[in-house]
Amino acid sequence: MSNAIKYEKIGDIAVLTAQNPPVNALGFDVRKGLLAGIQQAEDDGAKAVLIYGDGRTYFAGADIREFGKPMLDPGLPDLCNRIEASPLIVVSSMHGTALGGGLEVALSSHYRIAVPSAKMGLPEVHLGILPGAGGTQRLPRVAGTEAALDMITSGRPIKAGEALEKGIIDRVTEGEPREIGLAYAQELLDAGAARRAVGDMPAPEAIDFDARYETLLKKGRGQLSPATAMRAVQAACEADSFEAGIKRERELFMELMNSDQRQGMVHAFFSERAVSKLPELKGVAPRALADIGVIGGGTMGAGIATAALLSGLSVTMLEMTDEAAAAAKGRIAGNLQGAVKRGKISADQFEALTNQSLTLATDYTSLANADLVMEAVFEEMSVKKIVFTQLDEVCKPGAILATNTSYLDVNEIAACTKRPEEVIGLHFFSPAHVMKLLEVVVADKTSIDVVATGFALGKMLNKISVRAGVCDGFIGNRILSTYRACADHMILDGASPYQIDKALTGFGFAMGPFAVADLAGLDIGWASRKRLSPTRDARERVPSFPDKLCEDGHFGQKTGKGYYVYEAGKRGGTPNPDVPALIEANRAELEIAPRDFTDEEITRRYMCAMVNEAAKVVGEGIAQRPLDVDMTLLFGYGFPRYRGGPLKWADIEGLDGILADIMAYAKEDDYFWQPAPLLQQLVADGSTFDDLNRENS
Ligand code: TC6
């Protein structure tokens, strides 16, 4: 027996208790212990076996940290087959989250009971793999093909009640997993219940798998795991035997396990958790937050207020006039109505949030008691300074003053107050109640407990918070402006915005950069270009076609025209026929003879620009670790999760090849393509961005 599984015999029942905190992952020790436990139960003359987990959950899945390493015997598939083959009656009693390999162990048990709050599912597709321990063969046998396909290809967990309805479990009972499991096992023994192996059940019904495969591939925007998992379910329906289906599942599982997508998604899983665990915040207590102020009730401010209200905070919304305040309330109410529609809050909660938790104000003194004030006013330094000077006067000592600026210098904003140590950037992404990313921008004098409070607020609002240092655009927008510039250069040289958007959605981005620009509003980039214009280096290639669009009053979706034309009531846009002429005029002005680009070249240049700037951001300490950049791009910029983030992509692709391409591009434009010193260093050392992650976490 191993330390991770405790063995006891209680009457005729052998009890196997998993003790592998925090989530009873099915690592080597647990698998070894379960295998030995089944054997011992049989040797001891037990009549039944109960499997359950100590602590907060039944098995939450295979141990993801073992992925990519040689699998030590017993592997999970063999263990599941051995459990199912036992002549004893095996009962699993579930609580917490029975996920992935956990649910597969339960499905290889002969009977399943769960507490009402238990959740179960096969989320493997989110890790770039498929249920590889018989889950694709056993789940459709108990739940039917459609229900199993839904759970396996979406990875969505379901609650115990639904699992009971679907025939996945046999009983739902309130109580402790150990007690209800023991009682159920005894009841089965008393009733003379037979051993019941799911593998012996008839094959499930086939559907039109080929059509479904195409749909899943399209929906996954290049993510392979859902469509591949479907092929394994197909084998459950069509293979000659259960064993043949298991064999096919294994082959498909290994294909995915060895894929780059698995590496990308596992990186995303761990980085998502590591990103807010900063070594510098260990042991630092955040300040208490109950009342927050939001200044400016436009789309951004209303979104921030909505997120804060939904997390249980009281919000004072400050606007310039009563009319503007009423309009802000209308926006917040609209957002909250959405939450009612999605079943997140009840109509009563809606009333309480809009009428009790939200206060409207037009006078700064209303913010005197706020624990934190978020400024979301016009993106102009002079305006921000007026706001912060007033806040400094009215806010109580210890109140945190936060700016939602996307680009401006937080040190300069802090310097106009007498409490720069209490000033921080909290950069939300629009719509702020929906988008997951929060950049916590730490200025030179921001005190550490204010940083900890920024992260605590992010957690309350259910955000992925990333620490960023001060520079123009912080982590995300700084990298965006570089890869967007690369896209503009490719247009000057012969590509079209539409080809670039197509190539990048082909890479897996949710949208291409020109569709994104239309969505965000072309005036934002225009304002930023004008702001930076006086400081531009003469060697920088700056196109004029984006400015021309704005000068003609086309700001993207909000004006109905940008790179695309948007018709009311229609989703998406069609290429704007006026854009090619603007681009051609710009090329003529610069005397550029356009050339052809392949989609591969477009993607490679774009990604090299992104990686190079990201390496500068890490090298300069604006992001502390490569994973901070990866999570920023994943949660705020539509980067495909299955690629893990730009720096994980770079590691997989090979840093030396990327650097070589950057040096080759530099022969055309040595100003734009200055290689990042950190990238050069990593290549020289033969190390990777992931090595840096490990050193700094
Ligand atoms: C599978 O089973 C494949 C089978 C086929 C094989 C042939 N392994 O998320 P939390 C860690 S694939 C290792 O903060 P929560 C996590 O990193 C797997 N570690 O807690 C964190 O560590 P830290 C299918 C794991 O309460 C700590 O546990 N299963 C694993 O918010 C706490 O995690 C899944 O995909 C693991 N499987 O949520 C489930 N799981 O403290 C993945 C967690 O060092 N897990 N850790 O940062 C989850 O979805 C959630 O962790 C949760 C608990 C819902 C179980």
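Residues numbered from 1 in each chain as written. Predicted model: local features only at pLDDT ≥ 70, side-chain atom pairs only at ≥ 80, totals over all residues. Heavy atoms only, no water.

As a further point, take the nonpolar core. Within the largest apolar cluster, 98 residues are counted, with the highest numbers of intra-cluster contacts made by V629 and F689. The leading source of residues in this core is helix α24 (residues 599-619), at eleven residues. Those residues within four positions of V629 in sequence are excluded, and the remaining contacts are I475, I479, A614, V617, V618, A623, P646 and L647. In this structure, A4, I38, A229 and M230 belong to the second largest nonpolar core, which totals 82 residues. (Core = buried A, V, L, I, M, F, W, Y, C linked by side-chain atoms within 4.5 Å. Buried < 20%, exposed > 50% of the residue type's maximum accessible area, 1.4 Å probe, protein only. Helix = DSSP H or I, 4+ residues; strand = E, 2+ residues; numbered from the N terminus. Contact = heavy atoms within 4.5 Å.)

Looking at where E84 falls in the secondary structure, it is placed in helix α2 (residues 76-85). Under the relative-accessibility criterion, E84 is labelled buried at 8%.

This paragraph deals with the sheet that holds strand β7 (residues 119-121). Sheet architecture is open: three strands sit in the order β5-β7-β8, paired in mixed fashion. Whereas interior strands pair on both sides, the edge strands pair on one side only; in this sheet they are β5 (97-99) and β8 (158-159). Across three bridges, the pairing between β5 and β7 is parallel. Counterpart to A98 in the pairing with β7 is M120. (Pairing = 2+ DSSP bridges.)

Once that is clear, we can look at the UniProt feature "domain: 3-hydroxyacyl-CoA dehydrogenase NAD binding" (unreviewed entry) in the protein. When the UniProt feature table is mapped onto this chain numbering, "domain: 3-hydroxyacyl-CoA dehydrogenase NAD binding" (unreviewed entry) sits at residues 292-468. From the first C-alpha to the last, residues 292-468 spans 22 Å; its make-up is 43% helix and 21% strand. (UniProt positions renumbered as here; feature names shortened; annotations may be inferred.)

Attention shifts here to helix α18 (residues 476-493). Taking 1.5 Å as the rise per residue, α18 with 18 residues should run 26 Å; its terminal C-alpha atoms sit 26 Å apart, in good agreement. Counting buried positions over the 18 residues of α18 gives 15, a clear majority of the element. G494, located one to two residues past α18, shows a positive phi value of around 140°. (Expected span 1.5 Å × (residues − 1).)

Residues M511, V516 and L519 make up a contiguous nonpolar surface patch of about 230 Å² in total accessible area. With respect to the helices and strands, V516 occurs in helix α20 (residues 513-520). (Patch = residues over 30% accessible without salt bridge, like charges linked within 9 Å, V, L, I, M, F, W, Y side chains within 5 Å. Areas by Shrake-Rupley, 256 points an atom, 1.4 Å probe, with all protein chains shown as cover. Salt bridge = Lys/Arg side-chain N within 4 Å of Asp/Glu carboxyl O.)

This part takes up the packing of aromatic side chains. Aromatic rings in a pair are described by how distant their centres are and how their planes are angled relative to each other. Under the counting rule described, the total for this entry stands at 15 aromatic pairs. Pairing Y665 with W673 gives two aromatic rings, centres 4.8 Å apart and planes at 55°, and the pair type is tilted. When sorted by exposure, Y665 lands in the same class as W673, which is buried. Through a chain of ring-to-ring contacts, three or more aromatic side chains come together here, namely Y483, F507, F509, Y606, F639 and W649. Between R273 and the ring centre of F269, over which it is positioned, the NZ or CZ distance is 3.8 Å. The ring of F597 carries the charged tip of R595 above its face, separated from the ring centre by 3.9 Å. (Phe/Tyr/Trp six-rings, centres within 6.5 Å; stacked < 30°, edge-to-face > 60°. Lys NZ or Arg CZ within 6 Å of the ring centre and 35° of its normal.)

Put simply, side chains in a regular strand alternate between the two faces of the sheet. Looking at chain direction, strand β1 (residues 5-10) and strand β2 (residues 13-18) are connected through six bridges and run antiparallel. Its bridge partner being in β2, K6 is matched across the sheet by T17. In this structure, the hairpin formed by β1 and β2 is closed by a connection of two residues, where G11 is found at a positive phi of approximately 60°.

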